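# Summary of structural features
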Amino acid sequence: TNHGSNTTVVPADCPVVVTLDAGVTSASVAFVDEDHCNVKKHWEEEFGSEEYMSSAQLEELESVSGIVWEEIVVDEKGDLVLTVKGDGLAVIDLK
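Here we summarise the structure given alongside this text. (Residues numbered from 1 in each chain as written. Predicted model: local features only at pLDDT ≥ 70, side-chain atom pairs only at ≥ 80, totals over all residues. Heavy atoms only, no water.)

### Section: the overall build of the chain
Helix and strand counts for the chain stand at two helices and five strands. Along the chain, helices and strands appear, N-terminal first, in the series β-β-α-α-β-β-β. Taken along the three principal axes of its C-alpha coordinates, the chain extends 50 × 35 × 20 Å. Looking at the chain as a whole, 19% of its 95 residues are labelled buried. A sequence separation of at least 24 residues applies to 76% of the contacts in the chain between residues at least 6 apart. Counting every atom, the chain has about 6900 Å² of accessible surface; 53% of that belongs to carbon and sulfur. Charge separation in the chain, taken as the distance between the mean sites of 5 positive and 20 negative side-chain charges, equals 5 Å. (Helix = DSSP H or I, 4+ residues; strand = E, 2+ residues; numbered from the N terminus. Buried < 20%, exposed > 50% of the residue type's maximum accessible area, 1.4 Å probe, protein only. Contact = heavy atoms within 4.5 Å. Areas by Shrake-Rupley, 256 points an atom, 1.4 Å probe, with all protein chains shown as cover. Lys, Arg positive; Asp, Glu negative; His and termini not counted. Charge placed at Lys NZ, Arg CZ, Asp CG, Glu CD.)

### Re the pattern of salt bridges
Using the criterion set out here, one finds six salt bridges in the structure. The partner of D35 in a salt bridge is K85, and the shortest N-O contact between them spans 2.9 Å. Of this pair, D35 sits in the loop between β2 (27-32) and α1 (39-47) while K85 sits in the loop between β4 (79-84) and β5 (89-94); the two residues are 50 residues apart in sequence, bridging distant segments of the chain. Since its relative accessible area comes to 46%, D35 is described here as partly exposed. (Salt bridge = Lys/Arg side-chain N within 4 Å of Asp/Glu carboxyl O.)

### Topic: the sheet that holds β2
Pairing is antiparallel across the open sheet formed by three strands, whose spatial order is β3-β2-β5. With one partner strand each, in any of the chains shown, β3 (70-72) and β5 form the two edges of the open sheet. Strand-to-strand twist of the sheet, defined as the mean angle between neighbouring strand axes without regard to direction, takes the value 35 degrees. (Pairing = 2+ DSSP bridges. Axes fitted to C-alpha atoms, helices over the stretch in contact; angles between N-to-C directions.)

### Looking at unusual backbone geometry
Negative phi values dominate among residues other than glycine, just as trans dominates among peptide bonds. Non-glycine residue C37 carries a positive phi angle of around 60 degrees. A relative accessible area of 22% means that C37 is categorised as partly exposed. A positive phi angle is found at S49, which is not glycine, with a value near 60 degrees. Positionally, S49 belongs in the loop between α1 and α2 (55-64).

### Considerations on the side chain of D79
When you line up the elements, D79 lands in strand β4. Buried within the structure, D79 lacks any salt-bridge partner; K77 is the closest side chain of opposite charge, at an N-O distance of 4.2 Å. Separated by 3.0 Å, the side chains of D79 and T19 make a polar contact. When residues no more than four places from it in sequence are discounted, the contact partners of D79 are V17, V18, T19, V73 and V74. (Polar contact = N/O pair within 3.5 Å; in protein donor to acceptor, adjacent residues only side chain to side chain.)

### Things to note about the nonpolar core
If you look at the biggest cluster of nonpolar residues, it comprises eight residues: L20, A27, V29, F31, I72, L80, L82 and V84. Of all the secondary-structure elements, those providing two or more residues to this core are β2 and β4. Setting aside anything within four residues of it in sequence, one finds I72 in contact with A27, S28, V29, L80 and L82. (Core = buried A, V, L, I, M, F, W, Y, C linked by side-chain atoms within 4.5 Å.)

Shown next as structure tokens:
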């Protein structure tokens, strides 16, 4: 079969520290994980995995799929500190 087992173990959340060059003044982060950009989860929980959806429901799913950038604070040492979920990823935009 071409699918994962039901016994998949999701890794623990991972603390990440990024040390920045002195010229970086601000940063943003976008996550893709269980709680961010998870259209399948939203479809299952909000629409009951409905096969045929209305235009409004499709628009809602499209809005859930979008990347949301969040400003993150650079600490006094010039580090970014964030937590990435074990089954997710983070994209950092430095300015």
